[in-house]
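# Observations on the model geometry
Spelled out from the first residue to the last, the chains are:
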Amino acid sequence: MNTINSISNQKLRWRVFNDKLFSIVMMTLAFISAVPLISILYQLIKKGYKQVRLSFFIEVAPDTMEAMMAKVNHEIIPGGIANGIVGTLIIVGMASLIAIPLGLTTGIYLSESSKNKMANIVRFVVDMLQGVPSIVLGVIAYIWVVKPITSGFSALAGSVALSIMMLPSIIRSTEETLKMIPPTLKEAALSLGVPYYKTVLKVLLPTGMSGISTGIILGISRIAGETAPLMLTALGSSAINLDITQPSSAIPLLVWEFYNDPNLVNLIWGASLILLLIIFLLNIVAKAISKKWKVQY
Amino acid sequence: MESTILNKTDDKIIQIESPILNIDKLSVSYGGDKYSIMDVSAGIQKNKITAIMGPSGCGKSTLLRAINRMHELYPDTHHKGSITLAGENIYKINPIELRRKIGMVFQRPNPFPTMSIYDNVIAAYKLNGIKLKKSEKDEIVERSLREVGLWDETKDALHKKGTFLSGGQQQRLCIARALAYKPEVILLDEPTSALDPIATAKIEDLLVNLKKNYTIILVTHNMGQAARISDHSMFMYLGELVEYGKTKKMFTTPKDERTEAYLTGKFG
Amino acid sequence: MKSEKLFQYFLKLGGIIVLMVAIGILVTLIIGSIPTFKEFGFGFIFSSNWNPTEGRESYGALPFIIGTIVTSILALVLTFPFALSIALFLGEYFKKGRISSLLKTMIDLLAGIPSVVYGLWGFYTIRPIIVELGLNAQGFGIFTSAFVLAIMIIPYASSISAEVINMVPSQLKEAAYSLGATRFEVVKHVIIPNAGSGIFAGFILAFGRAIGETMAVTMLIGNSNNIPTNLFDIGNTMASLIANQFGEAEGLKYTSLVAMGLLLFVITGILNLIGKMVMRKFTA
Ligand SMILES: Nc1ncnc2c1ncn2[C@@H]1O[C@H](COP(=O)(O)OP(=O)(O)OP(=O)(O)O)[C@@H](O)[C@H]1O
Ligand SMILES: [Mg+2]
C-alpha cells in the first residue's frame, strides 16, 4: 500500500511538473514573437528618425547623383518622399473609391439574401478573392489597364489592383456587421411603412456604421504597404504626378527603389518609418472607431 | 435568549456520526467580498444519497463544486472554512488527486466528442497518463458500463463515438466515466434536468443501486426526485444552509418556514 | 414598389460585378497563358529549365514551384510552435486581461508591417546572423526567406487558432478537470483534439499567405533559377519570379509569367477554399 502511494505520489509530482513546464514553455514561445517586432521597430526608429524632417515630407526623392554628392561631402542626403506620399494618397484613394461602393452594395446584398443560391456563389468567390496573392492582382491590372487603357504604367492600374485586394474585407465586414443587427430593428422600420431601400440606407447602414468603417479602414491599411502589385502597374516616378494615366510613385515603391540604389539606400529607414506610422495610425483609428461607436442593440 | 436561537438552528441541521465528508463553516466567493455560500456546515454520510435543494442561485452548484474544488477553475475565487474527506483536509490535497477520489457528473451530458464510448469510459486513465494493459482496460470498461446498465446497449458499438447515444444513455456514459476510477464520492449537478421522464427514472434507479458502493451527493430542482431517492436532504436559501435532515422527516415536517414554503411550492 | 425592386437589383448588381471580376481574373490568366501551354504543354510545370536566351528559349516552372513549396512549408514548420503557443495563450490560458491585450496588440502590429519592411529587416538583421552562423556564405536563401515568412504568418495562423480554441465548450474541459486532469492534460486530450480541424484550417490559410508572399522573399531568397538542393541553398518562388522578371518580359517569357500567375492563383485559391470549408464545418 505504501509503495503504491509513493509511486502515485511520484507520478503526481511528475504530472504537476509537466503541467507547469508546459505553461512556462508556452508563455515563453508566445512572447518570443515580441523579439522580431521590437527588433524591427528599433531598427526603423533608430536609423530612420533623423531623416524625418519637414523637408522629408515636402521634397521629392533625390536622384542618385545628388545623393552621391551629399554622401561624398558627408552631408545628409537631401530630398524627401513627397512624390511617394502623394502617389500613395492618389492610388489608395482611388482604390477606395472603386472598392467601397462596390464592397458596400455587395455586402448589403449578401446580408439581405442569406440563403439564396446566387448569394452563396458570391460568398464563395469572395472567400477565394481573399486569398489571391497581391502579385497576381498586379499581373491582372497590368493586363486589364496598363496594356489596353492607359497604354503604359499608370496610377490607375495600381488602384485597380489594390481595389480588388481590399474588396473582400469590405464585403465581409459589411455583411457580418449588418447580420448582427437584430431583425426586429428592420421589422420595426418596415412596419412603420418605411420603404425597403430607405430602411437599408437610413436605418441599417447607420446602425452598422462603426463595424463597416472599421472594415474599410483595416482594408486601406492592408493595401497601403503593398509593393509587389505596384511594381507591375504604377511602376514609380521621380516627380509628383497628379495624372492618373501616368506612372506614379508610392511610399512602398520608394522603399524598394532606395533599397536597390546604393547611393539612396540610407533613405529606406525614414521612408519605411513613415509607411509604418501611417499603417499603425490607420489601425489605431479603426480600433478606436469600433470601440467608441459601438452600437448597443 | 440567544442560546435558544442557536439551539433551534442546531436542531435544523442533523449531526452525522463519522461522516465521510465533513463541511465546516465553508464560505465561497467568486471574487471580492460577496460570498455565494456562507458558513455552511454539514456532515455527509457514507453510502447514502444526499440531495441538495433550493431556489435558483442559492448556491447549490457552488457548494457542490467546492467539494471537488472545481470552483477554483474560476480565477478569482476564494473560500473560508474547510472540508475534510475521511479526515483529510481537501484543500491540502492536490486538486487533481482529489478529483479522482470525488467524481462529478454535470447537468448536460458531456461525453468527449472526439473519443469513442470505450475511450470515454477510461478517459480518467487516459487523461492522467496511466498506461493500462488491453485486458485491464476491457475489464474496466465492462465493469463501469455494467454498473450504469449501459453494457448490453453498447457492447457492440464500443468504438463508435459517444455522441450518437441518446441523451439518457450519454448521461449514463458520463456516470460510467466518473465511476471508472472508483471514486469514493460522486457529485451530480442536476443530472436529469436535460432528460425526459423515462431516462430520468433509469438514472434514479441507477443512483439508488450505486449507493451500495459510493457516496452520492445530488443537486436537484426536482423535489419529487429528492423525495424518491435521497436519504438526506439539504435545503439552501440565499447562500445559507437552512435545513438538513432525513429526507422523509424534512418533507413531512419541515422545521424552518422557508423550507416549508419551498416544499409547498411557494417559491423556487 | 418599383423603386423597391430597382434597389434590390442594384444590390444584386454589386454581387454580379464581384463575381465577374473573379471569373475575369481566372479567364484573363488562362487566356494569357495559352501560348505557353501550347508551346510546352504540361512540360511547363514539370520542366526545370528556365532559359530566356533567344533561340534557346525554354520556360519550366518546376524550380519555382519547388522553391515556393519548400519555403512555405519550412515557414509553416517554423511558425507552428509559436503560433500555437500564442493561440493557447489567448484562447485558453489568458482570455482576458492586460497581458492578453498586450499580446494581441503585438500580433496586430506584426500583421500591419508591410512585406517590404520585413524584407529590409531580413536583409539587414537576419542575413548577417545567418552569415555569422556559417549557414550560408551570403546569407540569402530558402532558410532566410522561410524564417522571415514564418514571422509574417504568425498573425494569420495564431488568430484563427485562438478563436477555435476559445470555442471548445467549457463543459468538456470541466469534465476533464473533474476526472483529475491537469491543465496540460486538458490541452492535450480535450482542447487540441476538439479544436484540431479549426487549427488545421488556420494553418492552411497561413500556408496560402506564405505561398503568395512576394517582396520579403524577393529580397532574401537569392533569386536563382535552379532547383534548390538543400534548405540553405538559394532559390526562387513563383511570386518572387513574377516580381523580378515581369517588367521586362515579352513574348513567351511574358505568357510564361502569366501562366505562373495562373498556377499561383489556382494553388492559393484551393488552399483558401479548403481552409474556409474546414472553418465553416467547425463553426456550424
Ligand atoms: N462563475 C461565477 N462567477 C461569479 N458569480 C457566480 C459564478 N457562478 C455562480 N455565481 C453566483 O453565485 C451564486 C450561486 O450560484 P450557483 O450556481 O451556486 O447557484 P445554484 O443554486 O446552483 O443555481 P441554479 O439552480 O440556477 O443552478 C449566484 O448568485 C451566482 O450569481
Ligand atoms: Mg446550479
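Presented here is a report on the structure given in the accompanying data block. (Residues numbered from 1 in each chain as written. Chains lettered and ligands numbered in written order. Predicted model: local features only at pLDDT ≥ 70, side-chain atom pairs only at ≥ 80, totals over all residues. Heavy atoms only, no water.)

## With respect to the interface of chain A and chain C
- The partner chain C presents 76 residues to the 73 residues of chain A that form the contact.
- Put simply, chain A and chain C have 4 salt bridges between them.
- For the salt bridge of Lys287 of chain A with Asp108 of chain C, the shortest nitrogen-to-oxygen distance reads 2.9 Å.
- Where chain A meets chain C, there are 15 residue pairs in polar contact (both at pLDDT 80 or more).
- Take the side of chain A that touches chain C: its biggest share by element is 11 residues, from helix 1 (residues 2–32) of chain A.
- Its residues assigned to classes, the side of chain A that touches chain C shows 54 nonpolar, 12 polar and 7 charged. (Contact = heavy atoms within 4.5 Å. Salt bridge = Lys/Arg side-chain N within 4 Å of Asp/Glu carboxyl O. Polar contact = N/O pair within 3.5 Å; in protein donor to acceptor, adjacent residues only side chain to side chain. Helix = DSSP H or I, 4+ residues; strand = E, 2+ residues; numbered from the N terminus. Nonpolar A, V, L, I, M, F, W, Y, C, P; charged D, E, K, R; others polar.)

## Quick notes on the layout of surface pockets
- Looking at the second largest pocket, its volume works out to about 1000 Å³.
- Considering the residues around the second largest pocket, the lining is formed by 26 residues, among which Glu72, Leu73 and Tyr74 of chain B together with Tyr177 and Arg183 of chain C are closest to the centre.
- Contributions of two or more residues to the lining of the second largest pocket are made by helix 1 of chain A, helix 3 (95–101) of chain B together with helix 3 (62–93) and helix 7 (170–178) of chain C.
- Its residues placed into classes, the lining of the second largest pocket shows 10 nonpolar, 4 polar and 12 charged. (1 Å grid on protein atoms, 1.4 Å probe; cavity = no way out; pocket = protein on both sides within 12 Å on 5 of 7 lines; lining within 4 Å. Points joined across faces, edges and corners; volume = space filled by probe spheres on them.)

## Re the interface of chain B and chain A
- Counting residues at the interface gives 7 residues for chain B and 6 residues for chain A.
- Summed over both partners, the interface of chain B with chain A buries about 530 Å², with 45% contributed by carbon and sulfur atoms.
- Across the contact surface, chain B and chain A share 2 residue pairs in polar contact (both at pLDDT 80 or more).
- Among the residues forming the side of chain B that touches chain A, the class breakdown is 2 nonpolar, 3 polar and 2 charged. (Buried area = accessible area lost by both parts, 1.4 Å probe.)

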